[in-house]
Amino acid sequence: MPIIFLREQGSDLRTLEPKREVVDGQQRIRTLVSYIDSSLLSNYTPARDFFTIKKNHNADIAGKVFKELPPKVQQRILDYQFSVHVLPADVDDREVLQIFARMNATGVKLNEQELRNAEYFGECKTSMYELASEQLPRWRNWMVYTEYNIARMEEVELVSEFAVMMVRGISARNQGLLNKFYLDYDVKFVERGEVERRFRAVMDAIEDSFASHIKNSAFRRKTLFYSLFAAVYDSLFGIQASLKPKKAKSLTNAEVTWVKKAGAKILDGSAPQPVLDAAAKQTTNVSSRKTIVSYLSNK
């Protein structure tokens, strides 16, 4: 049986037992447990989990459940030594997801963001990685990114686009531009503190005003979430405003109501045609992005 990967968890203070979670090998473990003692699985479903050995796999024990096996065979199964690698508890979720994705992927090439992550180690890369990681619960709750997207660092790329927007204004989604941004701010990122503060302020504002709305709205699309972020940023700080420290404004009830209404209009096709065109195609070019952000900003 191939090696199983686990990650240490805090011990259970009630039972005093150690806990580990399965990173890779859940199906193997579940299969074995369901055969040996299905009562150990809280969600055991006979139609899905019950099985016996097929004749072409082992004619001697074919069709038998575990308790019907000869004692020697039962003993061999129960005494089987798993090959296990245990990851320490401080390995974060992203690393676990990346390990899982790599072990279960065949011929998957590194994407542009993964290449940037491997090439740069300075201020910009560190900042983007940390900001994206802080927001993991929100990416999941808002359903903007799947676990696979997160494993491939796609949300780090979006955060990088937000940073570019704060520093240089709205631009097209361009890998060359992102590469240059990482290069320019690799050694020295003077604006890092203010960019990070503003990013968190915008994400908090989105959480406060739109959290329960996003996963059922047009803003669940990554390209339109960019527009939502930019519109909120424009309201709080002003796009292309100086990055000198300044206090964020607050979203008004009227602004929140309009953004929700505008998102619904994009979703049901009743928004102005230029906005629908921008949202339906080429949502990552600068003209389309500006059109949608302007609409969400009620301009």
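Right above here is the structure, for reference.
What comes next is a walk through the structure.

A closer look at the pattern of salt bridges
- The tally for this structure, following the rule as stated, stands at 24 salt bridges.
- Across the salt bridge formed by Arg200 and Glu134, the nearest N and O atoms sit 2.7 Å from each other. Remark: Glu134 occurs in helix α6 (residues 123-134) and Arg200 occurs in helix α11 (residues 192-214); sequence separation between them is 66 residues.
- Residue Arg200 is classed as partly exposed on the basis of its relative accessible area of 30%.
- Here Arg197 and Glu194 are joined by a salt bridge, their closest N and O atoms 2.7 Å apart. Residue Arg197 and its partner Glu194 are located together in helix α11, separated by 3 residues, close to a single helical turn.
- On the accessibility criterion, Glu194 (9% relative accessible area) is buried.
- Beyond isolated ion pairs, a larger network of salt bridges with shared partners links Arg7, Glu21, Asp93, Arg140 and Glu147.

Notes on the packing of α6 against helix α9 (residues 154-168)
- As a packed pair, α6 and α9 sit with axes 9 Å apart at the nearest point and diverge in direction by 115 degrees. Crossing handedness for the pair α6 and α9: right-handed. For the pair α6 and α9, the contacting residues are Met128, Tyr129, Leu131 and Ala132 in the first and Glu155, Val156, Val159, Ser160 and Ala163 in the second.
- Within the contact of α6 with α9, the residues separate by chemical class into 7 nonpolar, 1 polar and 1 charged.

Some words on the packing of α9 against α11
- Put simply, α9 and α11 touch, their axes get as near as 10 Å, and they point 115 degrees apart. In terms of their interaxial angle, α9 and α11 are classed as roughly perpendicular. In terms of crossing hand, the pair formed by α9 and α11 is right-handed. Between α9 and α11, the contacting residues are Val159, Phe162, Ala163, Met166 and Val167 on the first element and Val195, Arg198 and Phe199 on the second.
- Class assignment of the residues belonging to the contact of α9 with α11 gives a composition of 7 nonpolar, no polar and 1 charged.

A short note on the sheet that holds strand β2 (residues 19-24)
- Pairing is mixed across the open sheet formed by 3 strands, whose spatial order is β2-β1-β3. Two strands bound the open sheet, and with one partner strand each, they are β2 and β3 (84-87). Neighbour-to-neighbour, the strand axes of this sheet turn through a mean angle of 35 degrees, independent of strand direction.
- Both strand β1 (residues 4-9) and β2 contribute to a ladder of 5 bridges, which runs antiparallel.

A word on helix α10 (residues 175-184)
- Within α10, burial applies to Leu178, Phe181 and Tyr182. Buried residues of α10 fall within an arc of 95 degrees about the axis and therefore sit on the same side.
- Turning to α10, the residues buried within the fold contact α5 (112-119), α6 and α9.
- The N-terminus of α10 is capped by Asn174, whose side-chain oxygen sits 2.8 Å from the backbone nitrogen of Gly176.

Some details on the packing of aromatic side chains
- This model, assessed by the stated rule, comprises 17 aromatic pairs.
- Aromatic pair Tyr120 and Tyr182: ring centres 5.9 Å apart, planes at 55 degrees, arrangement tilted. Highlighted residues: Tyr120 in the loop between α5 and α6 and Tyr182 in helix α10, separated in sequence by 62 residues. The exposure classification of Tyr120 matches that of Tyr182, with both residues buried.
- Counting every residue linked through ring pairs, the aromatic cluster contains Trp139, Trp142, Tyr145, Phe162, Phe199, Phe225, Tyr226 and Phe229.
- The aromatic ring of Tyr129 is capped on one face by Arg94, whose charged end is 4.9 Å from the ring centroid.

Digging into the nonpolar core
- Counting 65 residues, the largest nonpolar core has Met128, Ile206, Ile214, Phe225, Leu228, Phe229 and Ile266 as its most contacted members.
- Per element, the largest residue contribution to this core is 10 residues, and it comes from helix α12 (residues 222-236).
- When sequence neighbours within four positions are dropped, the list of residues in contact with Phe229 reads Phe162, Met165, Met166, Phe199, Val202, Met203 and Ile206.
- In this structure, Phe5, Leu87, Val91 and Val96 belong to the second largest nonpolar core, which totals 5 residues.

Thoughts on the pairing of β1
- Both β1 and β3 contribute to a ladder of 4 bridges, which runs parallel. Bridge pairing in β3 places Arg7 opposite Leu87.

Considerations on a nonpolar patch on the surface
- Nonpolar side chains collect at one region of the surface, where Met1, Tyr80, Phe82 and Val84 lie side by side and expose about 350 Å² of accessible area between them.
- Here Val84 shows up in strand β3.

Some remarks on α9
- Between its first and last C-alpha, α9 extends 21 Å over 15 residues, near the 21 Å set by a 1.5 Å rise per residue.
- In terms of burial, α9 is largely enclosed, as 12 of its 15 residues are buried.
- Among the residues of α9, those classed as buried are Glu155, Val156, Glu157, Leu158, Val159, Ser160, Glu161, Phe162, Ala163, Val164, Met165 and Met166.
- Of the residues one or two after α9, Gly169 is the one with positive phi, at around 90 degrees.

Thresholds, definitions, all that
Residues numbered from 1 in each chain as written. Predicted model: local features only at pLDDT ≥ 70, side-chain atom pairs only at ≥ 80, totals over all residues. Heavy atoms only, no water. Salt bridge = Lys/Arg side-chain N within 4 Å of Asp/Glu carboxyl O. Helix = DSSP H or I, 4+ residues; strand = E, 2+ residues; numbered from the N terminus. Buried < 20%, exposed > 50% of the residue type's maximum accessible area, 1.4 Å probe, protein only. Axes fitted to C-alpha atoms, helices over the stretch in contact; angles between N-to-C directions. Left-handed = near helix turned anticlockwise from the far one by under 90°. Contact = heavy atoms within 4.5 Å. Nonpolar A, V, L, I, M, F, W, Y, C, P; charged D, E, K, R; others polar. Parallel < 35°, antiparallel > 145°, perpendicular 65-115°, else oblique. Pairing = 2+ DSSP bridges. Arc of directions from axis to C-beta. Polar contact = N/O pair within 3.5 Å; in protein donor to acceptor, adjacent residues only side chain to side chain. Phe/Tyr/Trp six-rings, centres within 6.5 Å; stacked < 30°, edge-to-face > 60°. Lys NZ or Arg CZ within 6 Å of the ring centre and 35° of its normal. Core = buried A, V, L, I, M, F, W, Y, C linked by side-chain atoms within 4.5 Å. Patch = residues over 30% accessible without salt bridge, like charges linked within 9 Å, V, L, I, M, F, W, Y side chains within 5 Å. Areas by Shrake-Rupley, 256 points an atom, 1.4 Å probe, with all protein chains shown as cover. Expected span 1.5 Å × (residues − 1).

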